[in-house]
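Structural characterization, general
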Amino acid sequence: MNETAKTVLRQFPYGLYALTVKHEGEEHAMAASWVTQTSIDPPMVAVAVENTSRTVEMARDARHFALNLLQEGQRELAGKLGRARADAPSKLKGIKTKPAPTSGAPVLADAVGWVDCRVVATLPSGDHTLVLGEVLAAGVEHADARPLTAQVAGLTYPD
């Protein structure tokens, strides 16, 4: 990628999210920042997941996932969820969660809010896979909290 493209992409505002999934009794979570709403009716979101992440396979198999909007002050949590599974096998240990109403995926009690989604499609996208989800349920946990962004967290666009 050329330097001009990197300069522009570094200026895009990115939120920080926790993508969670539950399949065959196993729960998994990862940090995500490349997330967007793709439809109003029905409500849909897309999230980019690294191809090497186990999350892609688990979301496909479970056919559901939850997306949790992290709040300012959860930088440490975002970092924990951003580590490779081999380095942090029990990423949700010590984090207060509850099951999402449709998927049963863990939703974070301390997130700003969350959406519970059904996987509609996955699409290869270079070194990532786009996971498109239809929002089946949503919850607000902390309505007055400010969302955590990559910029606030001090994260930079990959070189």
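Coordinates for the structure precede this section.
Everything quoted here is computed from the prediction, not taken from an experiment. One numbering rule holds for all chains: residues counted from 1, following each sequence as written. The predicted origin of the model limits local features to residues at a pLDDT of at least 70 and limits the giving and counting of side-chain atom pairs to 80 or more, whereas totals for whole chains, interfaces and linings rest on all residues. Side-chain metrics in this entry use all non-hydrogen atoms of the structure; hydrogen atoms and water are not considered.

**What to know about the overall build of the chain**
Every helix listed is a DSSP run of H or I at least four residues long, and every strand listed is a run of E at least two residues long, numbered separately from the N terminus. Secondary structure summary: the chain contains 4 helices and 9 strands in total. For the chain, the C-alpha radius of gyration of 15 Å lies close to 15 Å, the compact-globule estimate for 159 residues. Along the first, second and third principal axes, the C-alpha atoms of the chain reach 45 × 35 × 35 Å. For the exposure calls, accessible area comes from a 1.4 Å probe over protein chains only, and a residue counts as buried if that area is under 20% of its type's maximum, exposed if over 50%, partly exposed in between. Residues classed as buried in the chain amount to 43% of the 159 residues present. By definition, residues are in contact when any of their heavy atoms lie within 4.5 Å. The contacts in the chain between residues at least 6 apart in sequence include a share of 65% that link residues at least 24 apart. Surface accessibility of the chain: about 8,700 Å² in total, with carbon and sulfur atoms responsible for 52%. Separation between the mean location of the 16 positive side-chain charges and that of the 18 negative ones in the chain comes to 3 Å. Each radius of gyration is computed over the set of C-alpha atoms, and the globule rule expresses the reference value as 2.2 Å times the number of residues to the power 0.38. Only the protein chains shown count as cover for residues, and all accessible areas are computed by the Shrake-Rupley method using a 1.4 Å probe. Charged residues are defined here as Lys and Arg on the positive side and Asp and Glu on the negative side; His and the ends of the chain fall outside this count. Lysine's charge is taken at NZ, arginine's at CZ, aspartate's at CG and glutamate's at CD.

**So, the pairing of strand 2 (residues 26-32)**
Strand pairing is assigned whenever DSSP detects at least two bridges linking the two strands. Where strand 1 (residues 17-23) meets strand 2, 7 bridges bridge the pair, whose relative direction is antiparallel. Residue pairing across strands places Lys22 opposite Glu27, the latter belonging to strand 2. The antiparallel hairpin formed by strand 1 and strand 2 contains 2 residues in its connecting segment, where Glu24 sits at a positive phi of about 50°.

**Thoughts on the nonpolar core**
Think of a nonpolar core as a cluster: buried Ala, Val, Leu, Ile, Met, Phe, Trp, Tyr and Cys residues, connected wherever their side-chain atoms sit within 4.5 Å. Ranked by size, the top nonpolar core spans 17 residues in total, and within it Leu19, Val47, Val49, Phe65 and Leu67 carry the most contacts. Of all the secondary-structure elements, those providing two or more residues to this core are strand 1, strand 2, strand 4 (44-50), helix 2 (54-62), strand 5 (64-69), strand 8 (113-125) and strand 9 (128-140). Residues contacting Leu19, with those up to four places away along its chain left out, are His28, Ala29, Met30, Val47, Val49, Thr55, Phe65, Ala66 and Leu67. Leu16, Ala29, Ala78 and Leu108 belong to the second largest nonpolar core, which has 12 residues in total.

**Here we look at helix 2**
Turning to helix 2, its buried residues number three or more, namely Thr55, Val56, Met58, Ala59 and Ala62. Against strand 1, strand 2, strand 4, strand 5, strand 8 and strand 9 lie the buried residues of helix 2. Positive backbone phi, at 65°, marks Arg63, one or two positions downstream of helix 2.

Note that every value here comes from positions in space, so none of it alone points to a role or purpose.
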